[in-house]
Amino acid sequence: MPRAAPGASVVLEAKIGILRDRLVVEDAEYPLRREGGGWITVPTVGSRRGGRVRYEALRDRIRIEGPAGALLVPFHWRRTSFRFGGRTYRFGPMAWGHVMVSRDDRPIITGRLTLSGVRLGYVAPELEPIAAELAVGLAYRAVTIWVAASAAGAGGH
């Protein structure tokens, strides 16, 4: 797997819980607020203004609205991609809990799934404007899939 550019790094983690959801950026925690219609408000962090995100489980897609614009990430069985800032980004297979978004075969985001969501260890500057919302959307997607798989596995007993 190709390596990310040295020195460029943002540690970002979205944690989804029963009672509260939170975003952790460089070890500082920020609460996420659930709105009507399935939207999650992502707070302002530093100089980066917040936005909102919604994971639509039935259509398996993430919708993002924020200062950088609106974005739709529809997941497909193979070759999931999205456009942002005039460029096309592709999700790599999320096998073994790894997360990777690339552009022209170069990693732009790398991370891993956790039991409570997702942790991004590297985000290239070109996707920093939507990184928090994308992390929250991926966390909701991961938790939704985990719950569905657990329920399906428990159904046969």
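Only a predicted model underlies this, so the values are computations on that prediction, with no experimental measurement involved. (Residues numbered from 1 in each chain as written. Predicted model: local features only at pLDDT ≥ 70, side-chain atom pairs only at ≥ 80, totals over all residues. Heavy atoms only, no water.)

Undergrad: Describe in detail the packing of aromatic side chains, supporting the description with residues and values.
TA: Per the stated rule, a full pass over the model turns up three aromatic pairs. Each ring, one from phenylalanine 82 and one from phenylalanine 91, has its centre 5.9 Å from the other, and the planes form 50°; the classification is tilted. Looking at phenylalanine 82, the relative accessible area reads 3%, which means it is buried. With a relative accessible area of 6%, phenylalanine 91 lands in the buried category. Site record: aromatic cluster; members linked through ring pairs are Phe75, Phe82, Tyr89 and Phe91. Over the aromatic face of tryptophan 39 sits the side chain of arginine 52, whose NZ or CZ is 3.9 Å from the ring centroid. The residue whose ring lies beneath arginine 141 is phenylalanine 75, and the NZ or CZ to ring-centre distance is 3.9 Å. (Phe/Tyr/Trp six-rings, centres within 6.5 Å; stacked < 30°, edge-to-face > 60°. Buried < 20%, exposed > 50% of the residue type's maximum accessible area, 1.4 Å probe, protein only. Lys NZ or Arg CZ within 6 Å of the ring centre and 35° of its normal.)

Undergrad: Account for the pattern of salt bridges, with residues named and values stated.
TA: In total, this model carries 16 salt bridges according to the counting rule given. A salt bridge links aspartate 60 to arginine 141, with the shortest nitrogen-to-oxygen separation between them at 2.8 Å. Placement of the pair is aspartate 60 in the loop between β5 (51–56) and β6 (61–66) and arginine 141 in helix α1 (residues 128–154), with a sequence separation of 81 residues. In this structure aspartate 60 comes out as partly exposed when scored by relative accessible area, which is 21%. Linking arginine 106 and glutamate 126 is a salt bridge whose minimum nitrogen-to-oxygen distance equals 3.2 Å. Taken together, the residues arginine 106 in strand β11 (residues 106–114) and glutamate 126 in the loop between β12 (117–123) and α1 connect sequence positions 20 residues apart. Arginine 106 sits in the partly exposed class, given a relative accessible area of 39%. On the accessibility criterion, glutamate 126 (19% relative accessible area) is buried. Salt bridges sharing partners connect three or more residues here, namely Arg87, Arg103, Asp104, Arg106 and Glu126. (Salt bridge = Lys/Arg side-chain N within 4 Å of Asp/Glu carboxyl O. Helix = DSSP H or I, 4+ residues; strand = E, 2+ residues; numbered from the N terminus.)

Undergrad: Can you tell me about the nonpolar core, naming the residues and giving the values?
TA: Counting residues in each nonpolar core, the largest one holds 39 residues, and the members touching the most others are Leu23, Phe82, Leu127 and Val136. Residues within four places of leucine 127 in sequence aside, it is in contact with Phe82, Phe84, Tyr89, Val101, Ile108 and Ile109. (Core = buried A, V, L, I, M, F, W, Y, C linked by side-chain atoms within 4.5 Å. Contact = heavy atoms within 4.5 Å.)

Undergrad: Could you give an account of the pairing of β12, naming the residues involved and the relevant values?
TA: Side chains on a regular strand alternate between the two faces of the sheet. Taken across its seven residues, β12 has five buried, putting it largely inside the fold. Summarising the sheet, strand β1 (residues 12–16) and β12 pair through four bridges and their orientation is antiparallel. Directly across from glutamate 13, in β12, lies its bridge partner arginine 119. Relative to β12, β11 runs antiparallel, the two being bridged by six bridges. Following the sheet pairing, threonine 114 is matched in β12 by glycine 117. Hairpin connection from β11 to β12: two residues lie between these consecutive antiparallel strands. (Pairing = 2+ DSSP bridges.)

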